[in-house]
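Structure assessment
One-letter residues, chain by chain:
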Amino acid sequence: MRLLLALVLSLFAVNAWAIDDRERLSDPALEERARTLFKEVRCVVCQNQSIDDSEAQIAKDLRVIIREQIAEGKDEEQILGFLTARYGDYVLLEPPFKAGTWLLWFSPLIVLLIGGSIAWVALRSRPKTVNSAPLTAEEQARLDKLMGSDRK
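This structure is a prediction, so every number in the text was calculated from the model and none was measured.

**A word on helix α5 (residues 102-125)**
Under the 1.5 Å per step criterion, the end-to-end length of α5 is 33 Å for 24 residues, consistent within 8% with the ideal 34 Å. Of all the bends in α5, the largest measures some 35 degrees and sits at Pro108.

So, in structure tokens, the structure goes:
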């Protein structure tokens, strides 16, 4: 029973192993700059997850690269420029607005407009009224029989 408890508790400690203490920068201010950048950079193998949240090997490699560049004295713009030159704008969680990324920014609006147009056309093309001709005597008698009443 103790072995099972130890195994279960060790599963909760896995996140504590995600960042190796040897990776951390010795200066807390520089480490804080690195952690801020980690939240802006996307893990290139994970789906919409920052490298700060990811445990993938590429995310660990990107964290090491960012820490190395901060230790070399590079600023955020230089580091992000290096990463986008290497991996493209996709590596940024918020890609810049430019000619190559306009589709990323406007695709939700385009999909909404197309869907709204399809719905509008479908609603406009359906019949406006249901056939409201009165029932014939035979139809009324059949309806009355089905309803179980003697309406006259």
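Now that the structure is up, let's keep going.
**Details of the confidence of the model for the protein chain**
Atomic detail in the predicted coordinates should be set aside for any region of low pLDDT. Scored by pLDDT, the protein chain has a mean of 83; 86% of the residues are at 70 or more. Within the protein chain, the element-level pLDDT minimum falls on helix α1 (residues 2-12), averaging 70, and the maximum on helix α4 (residues 76-87), averaging 92.

**Focus on the pattern of salt bridges**
In total, this model carries five salt bridges according to the counting rule given. The closest approach of N and O atoms between Arg33 and Glu76, which form a salt bridge, is 2.9 Å. Here Arg33, found in helix α2 (residues 28-38), pairs with Glu76, found in helix α4; they are 43 residues apart in sequence, far enough to count as distant. Arg33 gets classed as partly exposed once you look at its relative accessible area, which sits at 25%. Residue Glu76 is classed as partly exposed on the basis of its relative accessible area of 30%.

**Regarding the packing of helix α3 (residues 57-71) against α4**
The geometry of a pair of packed helices is captured by two quantities: the angle between their axes and the separation between those axes. Running from N to C, α3 and α4 cross one another at 140 degrees; their axes reach a closest spacing of 10 Å. One finds that α3 runs oblique with respect to α4. Crossing handedness for the pair α3 and α4: right-handed. Where α3 abuts α4, its residues Ile58, Leu62, Ile65, Ile66, Gln69 and Ile70 lie against Ile79, Phe82, Leu83, Arg86 and Tyr87. Class assignment of the residues belonging to the contact of α3 with α4 gives a composition of nine nonpolar, one polar and one charged.

**Observations regarding the packing of aromatic side chains**
Taken as a whole, this structure holds one aromatic pair when the rule is applied. One Lys or Arg, Arg42, reaches over the ring of Tyr90 and ends 4.6 Å from the middle of that ring.

**Some points on the nonpolar core**
The tendency in soluble globular proteins is for nonpolar side chains to be buried as a group. By size, the foremost hydrophobic cluster in this structure holds 19 residues, and its most contacted members are Val41, Ile51, Ile66, Ile70 and Leu83. At the level of secondary structure, the elements contributing two or more residues to this core comprise α2, α3 and α4. The element best represented in this core is α3, accounting for five residues. Discounting residues that sit within four places of it in the chain, Val41 has contacts with Gln49, Ser50, Ile51, Leu62, Ile66, Leu80, Leu83, Val91 and Leu93.

**Let's talk about the environment of Val44**
Inspection of the secondary structure puts Val44 in the loop between α2 and α3. Placed 43 residues apart in sequence, Val44 and Tyr87 show a C-alpha to C-alpha distance of 8.1 Å. For Val44, the contacting residues outside a window of four places in its chain are Ile58, Tyr87, Tyr90 and Val91.

**A few points about the packing of α2 against α3**
At a closest axis distance of 10 Å, the pairing of α2 and α3 adopts a crossing angle of 140 degrees. Here α3 runs oblique to α2, going by the angle between their axes. Crossing of α2 against α3: the hand is right-handed. Residues Leu30, Glu31, Arg33, Ala34, Arg35, Leu37 and Phe38 of α2 form the contact with α3, whose participating residues are Arg63, Ile66, Arg67 and Ile70. Taken together, the residues of the contact of α2 with α3 break down into six nonpolar, no polar and five charged.

Reading the values: the criteria
Residues numbered from 1 in each chain as written. Predicted model: local features only at pLDDT ≥ 70, side-chain atom pairs only at ≥ 80, totals over all residues. Heavy atoms only, no water. Helix = DSSP H or I, 4+ residues; strand = E, 2+ residues; numbered from the N terminus. Expected span 1.5 Å × (residues − 1). Bend = angle between axes of the 7 residues up to and from the residue. pLDDT = per-residue confidence, 0-100. Salt bridge = Lys/Arg side-chain N within 4 Å of Asp/Glu carboxyl O. Buried < 20%, exposed > 50% of the residue type's maximum accessible area, 1.4 Å probe, protein only. Axes fitted to C-alpha atoms, helices over the stretch in contact; angles between N-to-C directions. Parallel < 35°, antiparallel > 145°, perpendicular 65-115°, else oblique. Left-handed = near helix turned anticlockwise from the far one by under 90°. Contact = heavy atoms within 4.5 Å. Nonpolar A, V, L, I, M, F, W, Y, C, P; charged D, E, K, R; others polar. Phe/Tyr/Trp six-rings, centres within 6.5 Å; stacked < 30°, edge-to-face > 60°. Lys NZ or Arg CZ within 6 Å of the ring centre and 35° of its normal. Core = buried A, V, L, I, M, F, W, Y, C linked by side-chain atoms within 4.5 Å.

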